[in-house]
Amino acid sequence: QVQLVESGGGLVQAGGSLRLSCVASGSIFRINAMGWYRQAPGKQRELVALVTSGSSPSYSDSVKGRFTISRDNAKNTVYLQMNRLKPEDTAVYYCNTNVILTTLRDLELWGQGTVVTVSS
């Protein structure tokens, strides 16, 4: 099967940086898309950044210019580099992927979530 494992969350002061990682493993034929979502306390889960095969990354307006999503094909890993963090960035961050398995069946997966807390 396919598994997503997230890491990199933690506590950081406003203005600081964190890098989140999401590693996909298993019988993957092709990754159609990988993205990062977040859910703040009392808020709806929102898309933060997204990369699809052969396309430029897209970002929500709230993080544009501060966050960067990237992919390491050799490691089957997607990263979210978060710079100039603000208290309003505090949330649980989730990795999401849509993949084609080696059986050619498609599958959408969510990571377990990693907590990012930005203090003022």
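Residue indices follow the written sequence of each chain, beginning from 1 at its first position. In view of the model being predicted, local features appear only for residues whose pLDDT reaches at least 70, and side-chain atom pairs are presented and counted only at 80 or more, with totals across whole chains, interfaces and linings using the full set of residues. Heavy atoms throughout the structure, all of them, feed into the side-chain values; hydrogens and water do not.

**Student:** Honestly, unusual backbone geometry in this entry has me stumped. Any pointers?
**Tutor:** Phi is positive for Arg84, which is not a glycine, with a value near 50 degrees. The way it works is that DSSP assigns letters per residue, a run of H or I at least four long becomes a helix, a run of E at least two long becomes a strand, and they are numbered from the N terminus. Looking at the element boundaries, Arg84 is found in the loop between β8 (77-82) and β9 (91-101). Backbone geometry at Leu104 places phi at a positive 75 degrees, although glycine is not the residue there. Given the relative accessible area of 59%, Leu104 is considered exposed. Each residue's exposure class comes from its accessible area (1.4 Å probe, protein chains only) as a fraction of the maximum for that residue type: buried when under 20%, exposed when over 50%, partly exposed otherwise.

**Student:** I'm lost on the environment of Leu11 in this one. Help?
**Tutor:** When you line up the elements, Leu11 lands in strand β2 (residues 10-13). A residue is classified by how much of its surface remains accessible, and Leu11, at 67% relative accessible area, is exposed. Placed 33 residues apart in sequence, Leu11 and Gln44 show a C-alpha to C-alpha distance of 22 Å. We call two residues in contact whenever any of their non-hydrogen atoms come within 4.5 Å of each other. Residues contacting Leu11, with those up to four places away along its chain left out, are Thr117 and Ser119.

**Student:** Explain the pairing of strand β3 (residues 18-25) here, please?
**Tutor:** Successive residues of a regular strand alternate their side chains across the two faces of the sheet. The pairing of strand β1 (residues 3-7) with β3 spans 5 bridges and is classified as antiparallel. When the sheet's bridge partners are listed, Val5 is paired in β3 with Val23. Alignment of β3 against β8, held across 6 bridges, turns out to be antiparallel. For Leu18, the partnering residue across the bridge sits in β8 and is Met82. For two strands to count as paired, DSSP must find a minimum of two bridges between them.

**Student:** Mind showing me how you'd approach the pattern of salt bridges here?
**Tutor:** Pairing is possible between side chains of opposite charge, provided their charged atoms come close. Any Lys or Arg side-chain nitrogen located within 4 Å of an Asp or Glu carboxyl oxygen qualifies as a salt bridge. Here the structure, examined in full by the defined rule, presents 4 salt bridges. Residue Lys64 pairs with Asp61 through a salt bridge whose shortest N-O separation is 3.1 Å. Asp61 matches Lys64 in its accessibility class, with the two residues each being exposed. Asp89 is the salt-bridge partner of Arg66, the closest N and O atoms lying 2.7 Å from each other. Linking Arg66 in the loop between β6 (58-59) and β7 (67-72) with Asp89 in the loop between β8 and β9, this pair joins segments that are 23 residues apart in sequence. You can call Asp89 buried: its relative accessible area is 1%.

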